[in-house]
Amino acid sequence: MRLTAFIAAVSAATFLAGTACAAESGKFLADRHAAGGVKCESCHKAGPKEAPKKEDCLACHGGSYKALAEKTDKGDINYHATHVGEPECTQCHQGHKPPRLLCDQCHEFQVKVP
Ligand code: HEC
Ligand code: HEC
Ligand code: HEC
Ligand code: HEC
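Rules used in this analysis
Residues numbered from 1 in each chain as written. Chains lettered and ligands numbered in written order. Predicted model: local features only at pLDDT ≥ 70, side-chain atom pairs only at ≥ 80, totals over all residues. Heavy atoms only, no water. Near = heavy atom within 4 Å. Polar contact = N/O pair within 3.5 Å; in protein donor to acceptor, adjacent residues only side chain to side chain. Nonpolar A, V, L, I, M, F, W, Y, C, P; charged D, E, K, R; others polar. Helix = DSSP H or I, 4+ residues; strand = E, 2+ residues; numbered from the N terminus. Donors = N, O, S within 2.8 Å, 3.2 Å for Na, K, Ca; no water. Tetrahedral: all angles 85-135°; square planar, octahedral: opposite > 155°, others 65-115°. Buried < 20%, exposed > 50% of the residue type's maximum accessible area, 1.4 Å probe, protein only. Core = buried A, V, L, I, M, F, W, Y, C linked by side-chain atoms within 4.5 Å. Contact = heavy atoms within 4.5 Å.

Participant: Teacher, can you tell me more about the site of ligand 4 here?
Facilitator: Looking at ligand 4, the residues that line it are Ile77, Tyr79, Thr82, His83, Val84, Leu102, Cys103, Cys106, His107 and Phe109. His83 places a side-chain nitrogen or oxygen 2.8 Å from a nitrogen atom of ligand 4. Between His107 and ligand 4, the recorded distance is 2.8 Å, taken from a side-chain N or O atom to a nitrogen atom. The residue makeup of the shell around ligand 4, split by class, is 7 nonpolar, 3 polar and no charged.

Rendered as structure tokens:
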């Protein structure tokens, strides 16, 4: 699982920065989905022990990266339409831990990932 190894490596690096944000909102993304009535299995289509794939997220969020990007277009940098292509959502959004921003491996963007 290359992705899992990647997540582990990057979360270690971004953990401290992310903790402050998470403390502000009090809950993680999966908790907010649960509060909205989204069940574990709706995200975890591949099984409870696998991180959700982008297709699983897109099933509720527009159907494609293109459609998602249209919805989140604010006329500035659109984090869903970039030169990185179509990465896994979990390169930025996290289910049960602080989010991070893939882009900041190379850039320094001041944006809060939900
Ligand atoms: C079963 C449908 C469903 C699935 C699957 C789903 N979401 Fe959501 N998501 C929602 C709903 C409903 C909302 C709240 C309504 C809104 O703001 O659009 C939401 C809101 C969000 C938000 C913004 C609101 C917040 O609380 O920050 C983000 C970011 C998000 N989802 C990302 C994801 C990611 C990433 C995945 C996959 C790991 C995912 N969603 C899977 C239904 C879903
Ligand atoms: C490169 C990082 C990155 C990736 C990858 C990414 N997102 Fe996001 N996403 C963001 C950021 C940053 C925001 C908040 C700023 C914005 O809305 O542009 C956001 C916001 C959202 C929102 C809330 C939009 C709103 O208007 O409230 C949803 C829903 C969402 N993302 C879903 C997804 C899904 C589904 C995927 C995978 C298909 C995904 N994102 C992949 C960075 C990312
Ligand atoms: C919004 C979608 C979403 C919902 C709802 C959700 N999860 Fe997750 N879950 C994720 C994501 C994304 C990951 C990948 C690691 C992370 O971001 O924390 C994950 C990771 C996990 C993992 C660890 C797997 C691994 O090694 O990465 C477990 C266990 C898990 N979730 C259990 C649950 C349970 C139990 C529920 C219901 C109470 C639930 N999840 C609801 C998105 C979700
Ligand atoms: C592996 C390193 C790397 C990552 C990760 C990365 N970028 Fe870049 N990005 C670059 C380089 C290199 C350039 C070109 C630098 C220049 O011309 O100044 C660039 C240029 C840009 C530009 C300038 C306009 C353009 O398209 O050429 C924007 C905007 C941008 N990146 C946004 C992003 C966003 C948003 C993300 C996250 C989804 C991201 N980048 C992830 C390396 C990266």
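Participant: Before we go on, may I ask you to explain the site of ligand 3 in this structure?
Facilitator: If you check the shell around ligand 3, you find 15 residues, and the closest are Cys40, Cys43, His44, Gly95 and His96. The backbone of Gly95 places a nitrogen or oxygen atom 2.5 Å from an oxygen atom of ligand 3. Here a nitrogen atom of ligand 3 sits 2.8 Å away from a polar atom, N or O, in the side chain of His96. Mapped onto the shell around ligand 3, the elements with two or more residues apiece are helix H2 (29–35) and helix H3 (40–43). Here the residues of the shell around ligand 3 sort into 6 nonpolar, 6 polar and 3 charged.

Participant: Explain the coordination of the iron atom of ligand 4 here, please?
Facilitator: For a metal with four tetrahedral donors the ideal donor-metal-donor angle is 109.5 degrees, whereas six octahedral donors ideally subtend 90 or 180 degrees. With distances of 1.9 to 2.0 Å, the protein atoms coordinating the iron atom of ligand 4 are His83 (NE2) and His107 (NE2). Here the iron atom of ligand 4 binds 6 donor atoms, and the angle range of 88 to 179° at the metal identifies the geometry as octahedral. Here His83 is found in the segment after helix H5 (65–71), whereas its partner His107 is found in the segment after H5, with 24 residues between them in sequence. Given the relative accessible area of 75%, His83 is considered exposed. Assessed through its relative accessible area of 35%, His107 is described here as partly exposed.

Participant: How should the nonpolar core be read in this particular structure?
Facilitator: If you look at soluble globular proteins, the nonpolar side chains tend to sit buried side by side. Among the nonpolar cores identified, the biggest contains 5 residues, and these are Cys92, Leu101, Leu102, Cys103 and Val113. The residues contacting Cys92, other than those within four sequence positions of it, are Pro99, Arg100, Leu101, Leu102 and Val113.

Participant: Any chance you could explain the coordination of the iron atom of ligand 2 here in plain terms?
Facilitator: For the iron atom of ligand 2, the protein coordination sphere consists of His80 (NE2) and His93 (NE2), at 2.0 Å. For the iron atom of ligand 2, the 6 donor atoms in the first shell make angles of 88 to 179° at the metal, so the coordination geometry reads as octahedral. Taken as a pair, His80 in the segment after H5 and His93 in the segment after H5 lie far apart in primary sequence, 13 residues in all. Relative accessible area serves as the criterion here: at 22%, His93 is assigned to the partly exposed category.

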